[in-house]
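Results of the structural survey
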Amino acid sequence: MTAVLPLTVKENSNSGIWSWLTTVDHKKIGTLYGISGVIFFILAGAEALLIRTQLAAPNGTIISANVYNQLFTMHALMMIFLGVMPMGAAFFNWLVPLMIGARDVAFPRLNALSFWTFLSGGLLLTSSWLFGEAPDVGWFAYAPLTEKAYTIGKAMDFYAAGLILLGVASTIASLNFVVTIINMRAPGMTWFRMPVFVWMIFVVAWLLILSLPVLTIGLVQIYFDRNFATNFFNPTGGGDPLLWQHLFWIFGHPEVYVLILPSMGIVSEVLPTFAKKPIFGYSAIVFAGLSIAVLGFAVWSHHMFTTGLGPVPSIVFSASTMAIGVPTGVKIFNWLATLWGGSIRFTTANLFSIGFIALFTIGGISGVMHASPPIDTQQQDTYFIVAHIHYVLFGGAVFGIFSGFYYWWPKFFGRFLDEKLGKINFWLFFIGMNLTFFPMHFLGVQGMPRRIYRYDTDLGWDMWNQVASIGSYMLAVGMIVFLYAVWKAYKTEPNAPDNPWDAPTLEWATSSPPPEHDFDVIPVVHDRDPLWYNRDNNIVQEQVTDEHIHMPPPSYYPLLLSIGLLVGGIGLLTTLIISFVGVLLVFYAIWGWVLEPTS
Amino acid sequence: MSQEAHSVTGIDSRKLLMWIFLASDCLFFGALISTYLIFKDNIPNPPYPTDRIVNGEFFHGLLNIPLTSVSTFVLLMSSVAMVLAVYGAQNNNLKMMKGWLLSTIVLGIAFLLFQVYEFRHFLHEGLGLSTNQFGASFYLMTGFHGVHVGIGVIILISLLFGSFRRNSLGSDTGFHIETAGLYWHFVDIVWIVIFTLVYLMPY
Ligand code: HEM
Ligand SMILES: [Cu+2]
């Protein structure tokens, strides 16, 4: 059943909705991740705008306390799990095979499965809004608020079921990409010739593989507490609420690196291209990434300094947290040194990357500040923390992702995003982001707690809150400009050359957009910057015309299996009989999957 | 799958996938076992896992070491059978493979029956899922392990049936048996850890 693709067959022969539902092509799956990620990002942004509108002036009246709690909880959950992570996944799906010179990932059908399962989890979680049951106890869902006695409805069951599904999706994707990176590299693509982006994804995948199980068990325990009357986290029944905090943050801290590392990878690709020189200190950046991965598992309790851990754990976790600032700093100096002395082109992509360095550094510095327990005791649960997370997540992760959009759009779709609009987009984001989040440092130091739905006039918080809200509207306008640029690009004819930026990595060796089989001829790699090496040594990739390339056929079993999982999840929220139906569906899909011919 | 055959390291991608999945699985069990160990000294009400005296009153512990030693032995033997099945598969000895595969399955099911017996006995003694933290964390941990064994049994049965459809061993059958063997041994090792930490470790 393998489709034998002569080189003349272009992918427009398989468009239409069914081809998207059954696709196993990493590029299409990347696009699906991207579209869903951006949509969820916009929805989560809308939630944030409501929050900022409520807080723009003292004694806000547009939102009730209840809805406000749901808004900030869902905003965080959607941004993290449904916005930033999938947008990161869009890039690694698109780029990892192209960058290592492969025709697809190791397991194309598993790849489709992770996308559909992600979408199922995302829809399950967000559908809680429709029932007025959105989770409302913060994204880290501290016990005992999650217990039946405090959250009577289904909100926390939505939380548990939704995040379990999303965890399954991320685990499958991570397993797939680890194997892909280990096993599918093109000839000559040794470990230390891999692009930094690929390295960062390798690290991210391991972080997820090793941290998600811990969260999943915690979620199962929440579910049991709520539905089977166990008392894992319920103190009145002898349970231990701090156990949940540990389980959550053992996952939660690695998770923040899951969010930032793809963007660090993107920046490490963009800066060398636009400085026209190789990344400075390649090995240092790679090893910094690896040590962040290791240390990332040893710092989780810095989220728990105020729970009374005792002096020794506090000191240990404080020290490890400060230590993780070191590899982070190493990277920042590497990026700066990459720019140093380069002939810099200020394209939109590069502006976003440079913006990343500046803003991420601010967030890193505030991070090291609350690595100190006595200081953290003052800052915890104030707007200072909110400022920190947004400098690293918006200024860091999101800026990196937008840099990636402007950089790879011509490769992905054969069309450029308009540079003029891009620069407007950048400046609106840059100024808007600083207006929104910098004042939060001041508010935090003045004692404004996070997660309050209104505040009094005489506290001296009025002005900075107003500034922050104005900034958030600028961000919204910036987003609209971006969408307009996307629309405009969509309307133009494809005109991007293979390597418009004169970039060094393999994805630029194939056409824009790449053919379904990625490369007509699998490239041979001689250097860390393969295309620059070929350019400087006049090596021309040989052209072969009549090769037959075997690509895996489409399959609907991944979609079916995900639907089974979704039905299972719905069962967890209603009655277990429905879950049983879901399990049957899963078994049926696995059955068909295994027997489906693939070659 | 044509793509899966390609491998830089020489290790088949599917086997690599299994190894890394097992690494992830370790942390599932790690979290469950930790939960059990964290609670075991702070169980507010009986029944308790081991004999103890609370406020002058004596309580019988529920864990039955001799019985579980037997079931542990059964599971260990299933691993031996699995090794022999893989050996048969690799040496193109179809009969040997089928025979030992069947033994592995039977032993696996026997282990599950021991577990069912144990659960029913505990229930009878008044330990429900929600009775106390011992019940909750014990059932969740051993139940999760039991599900692993169950899935392993299903995989092995499918492989056994698959091998009846042909009269010779394709290279892939041997490969599948070997990969399933990895999983099976892992589930065994986890049980050894649980047996040691939960049943044997004294207070
Ligand atoms: C230099 C590196 C960093 C250090 C030393 C650091 C340190 C910390 C500390 C100590 C806290 C706990 C503050 C508290 O709750 O009182 C915290 C919170 C947080 N950090 Fe970082 N951080 C760093 C980088 C990052 C990065 C890269 C991200 C994500 C991209 C991130 C995301 C977060 C988030 C989301 C929280 C708040 C969680 C919550 O309470 O909701 N941090 N950070
Ligand atoms: Cu942290």
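Remember, it's a predicted structure, so these values are computed and weren't measured experimentally.

1. As for the packing of aromatic side chains
To describe a pair of aromatic rings, one takes the distance between the centres and the angle between the planes. Residue and element names in this part refer to chain A. In the structure shown here, the tally under the stated rule is 86 aromatic pairs over all chains. Ring plane angle 70 degrees and centroid distance 6.2 Å describe the contact between Phe399 and Phe426, whose orientation is recorded as edge-to-face. Pair noted here: Phe399 is in helix α12 (residues 383–413) and Phe426 is in helix α13 (residues 419–445), with a separation of 27 residues, a long-range link. Across the pair, exposure class does not vary: Phe399 and Phe426 are buried alike. One residue, Arg528, lies across the ring of Tyr282, its end atom 3.8 Å from the ring centre.

2. A short note on the nonpolar core
Generally speaking, soluble globular proteins have nonpolar side chains that are buried together. Ranked by internal contacts, the top residues of the largest apolar core, which has 235 residues, are A:Phe81, A:Tyr159, A:Trp244, A:Trp335, A:Phe402, A:Phe405 and B:Phe138. No other element matches the 24 residues that helix α3 (residues 65–100) of chain A contributes to this core. Counting residues in hydrophobic clusters, the runner-up holds five residues, among them A:Leu124, A:Phe158, A:Ala161 and A:Leu573.

3. Let's talk about the coordination of the copper ion (ligand 2)
Residues and elements named next belong to chain A. Looking at the copper ion (ligand 2), the protein donor atoms are His253 (ND1), His302 (NE2) and His303 (NE2), and they sit 1.9 to 2.1 Å from it. Separating the copper ion (ligand 2) and the iron atom of ligand 1 is a distance of 4.6 Å. You can see His253 sitting in helix α7 (residues 241–275) and its partner His302 sitting in the loop between α8 (282–296) and α9 (311–339), a full 49 residues away along the chain.

4. Section: the coordination of the iron atom of ligand 1
A lone protein donor contacts the iron atom of ligand 1, and this donor is A:His388 (NE2), found at 2.2 Å. Along the chain, A:His388 falls in helix α12.

5. Quick notes on the site of ligand 1
Residues and elements named next belong to chain A. Around ligand 1 sit 23 residues, and of these Trp139, Asp376, His388, Ile389 and Arg450 come closest. In this structure, an oxygen atom belonging to ligand 1 sits 3.1 Å away from a side-chain N or O atom of Gln380. Here a nitrogen atom of ligand 1 sits 2.9 Å away from a polar atom, N or O, in the side chain of His388. Looking at side-chain class alone, the shell around ligand 1 contains 13 nonpolar, eight polar and two charged residues.

6. Section: the interface of chain B and chain A
At the junction of the two partners, chain B supplies 33 residues and chain A supplies 43 residues. Both faces combined, the contact of chain B with chain A buries some 3,200 Å², and carbon together with sulfur accounts for 74% of it. Joining chain B to chain A, the criterion identifies zero salt bridges. Among the elements of the structure, α1 (2–5), α2 (13–39) and α5 (133–164) of chain B are those that each provide at least two residues to the side of chain B that touches chain A. Here the side of chain B that touches chain A gets 15 residues from one element, more than from any other, and that element is α2(B).

7. Details of the confidence of the model for chain B
All names here are of chain B. On average, residues of chain B score 92 in pLDDT, and 94% of them are at 70 or above. In the model of chain B, α1 stands out as the element of lowest mean pLDDT, 42, in contrast to α2, which has the highest, 97. This model gives residues 1–5 a pLDDT under 50, and the stretch forms 17 contacts once residues within four places in sequence are excluded. Both scores are available for the predicted complex, with the pTM at 0.95 and the ipTM at 0.95.

Quick notes on the rules
- Residues numbered from 1 in each chain as written.
- Chains lettered and ligands numbered in written order.
- Predicted model: local features only at pLDDT ≥ 70, side-chain atom pairs only at ≥ 80, totals over all residues.
- Heavy atoms only, no water.
- Phe/Tyr/Trp six-rings, centres within 6.5 Å; stacked < 30°, edge-to-face > 60°.
- Helix = DSSP H or I, 4+ residues; strand = E, 2+ residues; numbered from the N terminus.
- Buried < 20%, exposed > 50% of the residue type's maximum accessible area, 1.4 Å probe, protein only.
- Lys NZ or Arg CZ within 6 Å of the ring centre and 35° of its normal.
- Core = buried A, V, L, I, M, F, W, Y, C linked by side-chain atoms within 4.5 Å.
- Donors = N, O, S within 2.8 Å, 3.2 Å for Na, K, Ca; no water.
- Near = heavy atom within 4 Å.
- Polar contact = N/O pair within 3.5 Å; in protein donor to acceptor, adjacent residues only side chain to side chain.
- Nonpolar A, V, L, I, M, F, W, Y, C, P; charged D, E, K, R; others polar.
- Contact = heavy atoms within 4.5 Å.
- Buried area = accessible area lost by both parts, 1.4 Å probe.
- Salt bridge = Lys/Arg side-chain N within 4 Å of Asp/Glu carboxyl O.
- pLDDT = per-residue confidence, 0-100.

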